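# Structural features, examined
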Amino acid sequence: MKRALPSLLLFPALIVAACIVAGAWLFGTRHARAELQDQAQRQLQLIAPDLQSVLQKFETLPFVLGFQPDLIQALAHPDDPQAIARLNSTLHTIQQQAKVGAIYVMDRDGLTLGASNWDQPLGFVGKNFSYRPYFHAALHGQAGRFYGIGTSTSEAGYFIAQPVYRDGSARGAVAGVVAVKISLAEFERTWRSSADPIVLADRSDVIFLSNRPDWIYRSLRPLAPATVQELARTQQYLDKPIAPLPASVLSPIAPVTQPVGELGWQLMLFPGQERVSRAGLQWALAAMLLLACAAVSLWAMHQRRRRLEEAQASRAALQRAALQLEDRIAERTDQLRQTNASLEARYAKLQETEQLLRSTQNELIQAGKLAMLGQMAAGVTHELNQPLAAIRAFADNARTFLERGMTAQATSNLGHIADASARMGAIISQLKGFARKDESVATVDLAACVRAACFLLQSEFRRLGVTLEVTADEGCCKVTGDAVRIEQVLINLLRNALDAVETGAPDAPRHVRVALAREGEHAHALNPAHDHTNALVSITDSGPGIPEQVAAHLFEPFFTTKPSGKGLGLGLAISSSIVQAMNGQLTARNLPEGGARFELRLPLLIEGEL
Ligand code: ADP
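Residues numbered from 1 in each chain as written. Predicted model: local features only at pLDDT ≥ 70, side-chain atom pairs only at ≥ 80, totals over all residues. Heavy atoms only, no water.

### Observations concerning the UniProt feature "transmembrane region" (unreviewed entry) in the protein
- The positions UniProt marks with the feature "transmembrane region" (unreviewed entry) are residues 280–300.
- Taken end to end, residues 280–300 comprises 100% helix and 0% strand; its first and last C-alpha atoms sit 30 Å apart. (UniProt positions renumbered as here; feature names shortened; annotations may be inferred. Helix = DSSP H or I, 4+ residues; strand = E, 2+ residues; numbered from the N terminus.)

### Focus: helix 10 (residues 446–464)
- Between its first and last C-alpha atoms helix 10 spans 26 Å; for 19 residues at 1.5 Å apiece the expected length is 27 Å, and the two agree.
- In helix 10, a bend of some 50 degrees at leucine 457 exceeds every other bend along the element.
- One or two positions beyond helix 10, positive phi appears at glycine 465, with a value near 70 degrees. (Expected span 1.5 Å × (residues − 1). Bend = angle between axes of the 7 residues up to and from the residue.)

### What to know about the pairing of strand 5 (residues 174–182)
- A large share of strand 5 lies buried, amounting to nine of its nine residues.
- Both strand 1 (residues 102–107) and strand 5 contribute to a ladder of six bridges, which runs antiparallel. If you follow aspartate 107 over to strand 5, its bridge partner there is glycine 176. (Buried < 20%, exposed > 50% of the residue type's maximum accessible area, 1.4 Å probe, protein only. Pairing = 2+ DSSP bridges.)

### Quick look at the packing of helix 11 (residues 483–503) against helix 14 (residues 571–581)
- Remark: helix 11 packs on helix 14, axes separated minimally by 10 Å, with the N-to-C direction vectors making an angle of 145 degrees. Handedness of the crossing formed by helix 11 with helix 14: left-handed. Judged by residue contacts, Arg485, Gln488, Val489, Asn492, Leu493 and Asn496 of helix 11 engage Gly571, Leu572, Ile574, Ser575, Ile578 and Val579 from helix 14.
- Its residues placed into classes, the contact of helix 11 with helix 14 shows six nonpolar, five polar and one charged. (Axes fitted to C-alpha atoms, helices over the stretch in contact; angles between N-to-C directions. Left-handed = near helix turned anticlockwise from the far one by under 90°. Contact = heavy atoms within 4.5 Å. Nonpolar A, V, L, I, M, F, W, Y, C, P; charged D, E, K, R; others polar.)

### What about the sheet that holds strand 15 (residues 511–519)?
- Spatially, the five strands line up as an open sheet ordered 13-15-16-18-17, and their pairing is mixed. Only two strands of the sheet have a single partner each, and these edge strands are strand 13 (467–471) and strand 17 (585–590). When strand polarity is set aside, the average angle formed by the axes of neighbouring strands in this sheet is 15 degrees.
- In this sheet, strand 18 (residues 596–603) lies alongside strand 16 (residues 534–541) in antiparallel orientation, the contact comprising seven bridges. When the bridges of strand 18 are listed, alanine 535 appears paired with leucine 602.

### Regarding the sheet that holds strand 7 (residues 207–210)
- Taken together, four strands build an open sheet; the order of strands is 7-6-11-10 and the sheet is antiparallel. Of all the strands in the sheet, just strand 7 and strand 10 (256–260) have a single pairing partner and so form its edges. Pairwise comparison of adjacent strand axes, ignoring direction, gives a mean angle of 25 degrees for this sheet.
- Both strand 10 and strand 11 (residues 265–269) contribute to a ladder of five bridges, which runs antiparallel. Bridge assignment links proline 259 to a residue of strand 11, and that residue is glutamine 266.

### Comments concerning the site of the ligand
- Lining the immediate surroundings of the ligand are 18 residues, of which Asn496, Asp541, Thr560, Thr561 and Lys562 lie closest.
- Within the side chain of threonine 561, one N or O atom sits 2.3 Å away from an oxygen atom of the ligand.
- The contact in question runs from an oxygen atom of the ligand to an N or O atom on the backbone of leucine 572, over 3.0 Å.
- Contact with the protein chains removes 93% of the 540 Å² of surface that the ligand exposes when unbound. (Near = heavy atom within 4 Å. Polar contact = N/O pair within 3.5 Å; in protein donor to acceptor, adjacent residues only side chain to side chain. Areas by Shrake-Rupley, 256 points an atom, 1.4 Å probe, with all protein chains shown as cover.)

### Re unusual backbone geometry
- The backbone of lysine 99 shows a phi angle near 55 degrees, a positive value even though the residue is not glycine.
- Inspection of the secondary structure assignment puts lysine 99 in the loop between helix 4 (81–98) and strand 1.
- Exposure remark for lysine 99: the relative accessible area of 71% places this residue in the exposed category.
- Its identity is not glycine, yet tyrosine 217 carries a phi of approximately 65 degrees, on the positive side.

### Overview of the pattern of salt bridges
- Considering all chains together, one arrives at 19 salt bridges under this definition.
- Residue arginine 145 pairs with glutamate 59 through a salt bridge whose shortest N-O separation is 2.2 Å. Placement of the pair is arginine 145 in strand 3 (residues 144–149) and glutamate 59 in the loop between helix 1 (4–57) and helix 2 (61–65), with a sequence separation of 86 residues.
- Arginine 145 gets classed as partly exposed once you look at its relative accessible area, which sits at 25%.
- Its relative accessible area of 18% is what places glutamate 59 among the buried residues.
- Among the ionic pairs, arginine 495 bridges to aspartate 499, the shortest N-O distance being 3.9 Å. (Salt bridge = Lys/Arg side-chain N within 4 Å of Asp/Glu carboxyl O.)

Below, the structure written as structure tokens:
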């Protein structure tokens, strides 16, 4: 809509612009015309007084001449050659002095008696000028004025005539007429300097004086027939045909006119049309230039406004985009917050589950331990039975010794009883410690653990006739962990080894070897990056080894090959999880010479740690 507006406005704008240019042209021409007319007026006001003064200067000359005795004498005695000669001489002298064209004297019939040019070939003497209007006017006692072409000289001039009175007084009878002819050719020469046509026209609008030679003896308007007849009668312009000037040569601008003299003459100046046209053109061009400037500045303003609008629009778009972005960010933040909350919830759930798992695991371990205690019960009972039987025997003997007064022997028996009960106490405290439920992490000497485990099972080994060889240097391998749990693992492994040896062939060797050693020291020397070593407990039995199909499921819970009531299949599964919790490793393999070896690896306590 906004874009279409300028093109919609273009047509009316062009019309307005055309009107403005036309107006400027009109104004320019009018202004120039008025100025030209003013100028012309001023020019005329300079020219006209000149002309007027020349006409007036000679106005009184014929009047004064009328009182000249030579003129009166010649008119009184026209036949006296001396009087005529005096007249001619006087007229010639005055003509020379007054610097006029000619002076001549006519009798009452219009016949020229004497003239200043009497001695020239085209002299006026003898010529009759009774047809001239100025002669008639003077004859009737009035001043006669006339402009016309001389019939004898063919030179145009201004004629002024006055009567000459017979007795030299203005109240007497008119004896004749004296006339002065003045040439106005001088003015034509002066006017030539003007670029514009200047004309002097008579009352019939016939041009008789002009700075344009071809305009002379042409009329400004067609002549009336009466005028044509009058001109022919007075021979004013001889027999020259007076044709009107064609309209094309006349400027369309009205001429400036000024009346001059007594004969109704008009002095006219025709201001040149070219200057008016030029002024109009200049004004029109100036208007066009101004309009062009205005159009350019309007266009520039329009462009500027459009740029501003565009900038505003892009700013708004940017703002919108920023808002959208903010919305998106808010939305995403919200989503993230929700995700975070759900993650937190899931994490809490996970922790809860982990807690549950841990407690379940703890309970499982405890259950495993209790199961193991149950399995060990027979052995332990046997172990306790022996000292108990010994105590009873020693006590019976001590009573007999006391009855016989053999106090020394009785005292020795009491000492044996004390020893045996102390041994029983040691066994019971070991069992009590093993049955402890809570985990307690501390520095553990593995050798002590190995010994404790072996101690709890030694009677069982003895009963079944299986040799138990133990190699464990005290203090050689210290680890971080729970001693009871490590013992639990070791007891489990020892029990499995014992069971395996039991199931072996009757003639096969019956032994189990437990060895404790440090591992990884050489590897450490070779590879400096290996910055810690393990404690390795290996339990090797002389049993039948682990069958291939069992090996794959060895550490799975509830996997057992033992008859029900003897094994639950939880021992190795629980042992493995205990070892993993201590960053250790439990592995099993068969030996080439027969039998299975279980290896328990636990990270050694680094010097300075704990
Ligand atoms: P359980 O002793 O109750 O069967 P375990 O997880 O301790 O459960 O042992 C799983 C199985 O691994 C045993 O049933 C047995 O088949 C096998 N096994 C364990 N120790 C040995 C071993 N030293 N030699 C041969 N087989 C073994």
